[in-house]
There are 2 protein chains.
Amino acid sequence: MKSLILKESGLHIENKPFIPNSATKIMEFSNASINHRDLWIVKGQYAGIKFPVILGSDGAGKCDGEEVILNPSVNWISDPNTQPKNYEIIGLPNDGTFTEVGCFNPVLINPKPGHLSMAEAAALPLAGLTAYRLLFSRCKLTQYDKVLIVGIGGGVALLAAQFALAIGCEVWVISGEDEKIEKAKAMGVKDGVNYKSDNWHKDLLLKSGGFDVIIDSAGGRQFTQLASVANAGARIGIYGGTLGKIPELSPQIIFWKQISILGSTMGNHQEFKEMLSFVNTYKIKPVIDSIYSLEDFKSAFERMDQGKQFGKIVFEII
Amino acid sequence: MKSLILKESGLHIENKPFIPNSATKIMEFSNASINHRDLWIVKGQYAGIKFPVILGSDGAGKCDGEEVILNPSVNWISDPNTQPKNYEIIGLPNDGTFTEVGCFNPVLINPKPGHLSMAEAAALPLAGLTAYRLLFSRCKLTQYDKVLIVGIGGGVALLAAQFALAIGCEVWVISGEDEKIEKAKAMGVKDGVNYKSDNWHKDLLLKSGGFDVIIDSAGGRQFTQLASVANAGARIGIYGGTLGKIPELSPQIIFWKQISILGSTMGNHQEFKEMLSFVNTYKIKPVIDSIYSLEDFKSAFERMDQGKQFGKIVFEII
């Protein structure tokens, strides 16, 4: 069994005999995909790291002869508010998807959407679940909302844009790269601005007229500028904090505009099934940036670390 | 007609002839009450100040021979998300309740709850509406939530505590004055801590086990400490910002704990009627700190400015 294993000395490809566990189902992976979580774990910037562990939260392959997709969200059944105390994500502390074969709780194994290739299916789970809960369970998105997606190019940001476009929303983006904005416009996004330009938020407000739903993964100083382009009654969903702490957030803007700042991470089993149903209904295909062999893991992780990707970085396993 | 009028030169008591307006109803005020809004307007720290204007958002009295209470929230009918563009609060830009007689849109005039004195009724509208929308429409409070109220002693904070206690919640408070915490405990509040003590938030977390709903009017650095005593899935309702901007808010805490930060101000006509019905059902009486004659307005405003009050500061008008 070939796996990508994280040890104290770093990432290694290893071949070990496969030992099945009778309480679980055996899943053979065709493809897996990388998330920022994997990168942070490799860099030692994640809580509760243990060694050795097979990384990877996203995977698609076969189980009992059926084409399947794995839900990476463990032990969170249906609580609408929050994950339980015994919550886990596939790939740490327990072994993940960067492997030829693995054992998983059968409740996590779901039928693969028929319109997706194995590589596309492997690009969906974590990002799709995160985007779905954030948009629909937390921000209560409707077709009448004008949507702004921050940092288009990442897996969650792209699927959030695709989900919002699918139900008929007008979607705008911001990015640090003009090329990514152009790629997003080719997908149906109305327009965008580059947040490296001066007064980007004033330009954006002028062009767009403001936003009802804003999806952010950055935080940082930029967040206060997002609040300035939020319409009255806006919901700002936040699922990441790559720019760190938010300085100088004005309570007056929050209460006078009746803004809701809604933190969200991953989702429960019910939301995963709803997400799959949504993806099936609207025939949504996750955007794939690039495909690497498991052996070429260094290049794959480097590409994510450089932030150049537009879409998911996928491993070809079998 | 005796009124407390704000002019460029400051507050003055004036007697002018009363000129009714045929499109409105005439209301004779027995009592009015002061809000922080009035203080900020007098200090010139409020947007859109004009002169002259009769201040005051809260009042109770008589209309067509009936005992009535005035809804201070103008033109916001039923939109659950936000106030409309033509939104106004009674007492600026149009004349308010610090007067013997005034003219108001009939839709703002509601029957006074029978169990309240005129002084108690005048203490209810703005604070009751703000607390009701914040707790129930925004934070979706249920009896199973453990509640923390920041800055107990203010009108909204006290009514929020009373509303939460009424439906059976366990309620805690924080305050800068031990005496106010003791007064709150006498009302049924479980316990509290003084935020002037070192590590108050760690003590509070240890004693309480954390909170599902937190009601804040301060913002500032203290807000990040509130996030640290928030349970997973908590809702933090914010209706004021007396301590100014919030520095160093961690996106990671917000998304990992699935926290909702919910800005709220005032409420719509439907929420005002629901609030009155709630107050009638649970026979809630607003706490009155002190009663002043309109002529003694300087003492009344000074008391609010010093922040020593526990409950509403009320004017006796007739």
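The structure presented is a predicted model; accordingly, all values stated were derived computationally and were not measured.

Residue and element names in this part refer to chain B. What the three strands build is an open sheet, ordered S2-S1-S4; its pairing is antiparallel. Lying at the two open borders of the sheet, with one neighbouring strand each, are strand S2 (10-15) and strand S4 (53-54). Inspection of the sheet shows strand S1 (residues 2-7) paired to S4 by two bridges, in the antiparallel sense. Considered in S4, the bridge of leucine 6 is made with valine 53.

In space, the 12 strands of this open sheet follow the order S13(A)-S12(A)-S11(A)-S14(A)-S15(A)-S16(A)-S16(B)-S15(B)-S14(B)-S11(B)-S12(B)-S13(B), with mixed pairing throughout. Edge positions in the sheet fall to strand S13 (191-194) of chain A together with strand S13 (191-194) of chain B, since each has one partner strand and no second. Geometrically, the sheet is characterised by an average inter-axis angle of 15° between neighbouring strands, direction not taken into account. With four bridges connecting them, strand S15 (residues 230-238) of chain B and strand S16 (residues 260-263) of chain B associate as parallel partners. Across the sheet, the residue bridging to B:Ile236 is B:Ile261, located in S16(B). Where helix H5 (residues 178-186) of chain A meets the sheet, it contacts strand S12 (170-175) and S13 of chain A, and its direction lies at approximately 175° from that of S13(A). Across the face of the sheet, helix H6 (residues 200-208) of chain B comes into contact with strand S11 (146-150), strand S12 (170-175), S13 and strand S14 (211-216) of chain B while running at roughly 165° to S13(B).

Facing the 29 residues of chain B at the interface are 29 residues of chain A. At the level of secondary structure, the elements contributing two or more residues to the side of chain B that touches chain A comprise S15, helix H8 (251-256) and S16 of chain B. No other element matches H8(B), which puts five residues into the side of chain B that touches chain A. For the side of chain B that touches chain A, a count of residues per class yields 13 nonpolar, 13 polar and three charged.

The next thing to look at is the nonpolar core. One finds A:Ile149, A:Ala160, A:Ala161, B:Ile149, B:Ala160 and B:Ala161 to be the most contacted residues of the largest nonpolar core, which totals 195 residues. Discounting chain neighbours no more than four positions away, the residues touching B:Ala160 are B:Ala131, B:Leu134, B:Leu135, B:Ile149 and B:Ile215.

Look at the two chain copies: a rotation about an axis and a shift along it is all it takes to match them. Once chain B has been moved 0.0 Å along the axis and rotated by 180°, it coincides with chain A to within an RMSD of 0.0 Å. Taken together, the rotation and translation relating the two chain copies correspond to the operation of a two-fold axis.

Quick look at unusual backbone geometry now. Residues and elements named next belong to chain A. Here the residue pair phenylalanine 51 and proline 52 is connected by a cis peptide bond, since its omega of -15° sits within 30 degrees of zero. Along the polypeptide, proline 52 turns up in the loop between helix H1 (36-42) and strand S4 (53-54). Phi is positive for lysine 140, close to 50°, though the residue is something other than glycine. By the element assignment, lysine 140 lies in the loop between helix H3 (125-138) and strand S11 (146-150).

On a regular strand, one side chain projects to one face of the sheet and the next to the other, so that they alternate. Residues and elements named next belong to chain A. For strand S18 (residues 312-316), the buried fraction is high: four of the five residues fall into the buried class. Examined bridge by bridge, strand S3 (residues 25-33) and S18 share three bridges and lie antiparallel to one another. Bridge pairing in S18 links asparagine 31 to glutamate 316. The parallel pair strand S17 (residues 288-293) and S18 is bridged by helix H10 (residues 297-306), and the resulting crossover is right-handed.

What follows concerns H10(A). Residues and elements named next belong to chain A. Considered for burial, the residues of H10 that qualify are Phe297, Ala300, Phe301 and Met304. Viewed end-on, H10 has its buried residues packed into an arc of 90°, placing them on one side of the element. Turned more than 90 degrees off the buried face of H10, the exposed positions are Lys298, Ser299 and Gln306.

Rules of the game
- Residues numbered from 1 in each chain as written.
- Chains lettered and ligands numbered in written order.
- Predicted model: local features only at pLDDT ≥ 70, side-chain atom pairs only at ≥ 80, totals over all residues.
- Pairing = 2+ DSSP bridges.
- Helix = DSSP H or I, 4+ residues; strand = E, 2+ residues; numbered from the N terminus.
- Axes fitted to C-alpha atoms, helices over the stretch in contact; angles between N-to-C directions.
- Contact = placed C-beta atoms within 7 Å.
- Nonpolar A, V, L, I, M, F, W, Y, C, P; charged D, E, K, R; others polar.
- Core = buried A, V, L, I, M, F, W, Y, C linked by C-beta atoms within 7 Å.
- Buried ≥ 20, exposed ≤ 12 C-beta atoms within 10 Å, placed from the backbone.
- Least-squares fit on C-alpha atoms with pLDDT ≥ 70 in both.
- Right-handed = clockwise from strand over helix to strand, strands pointing away.
- Arc of directions from axis to C-beta.

That's the geometry; what it means functionally is another story.
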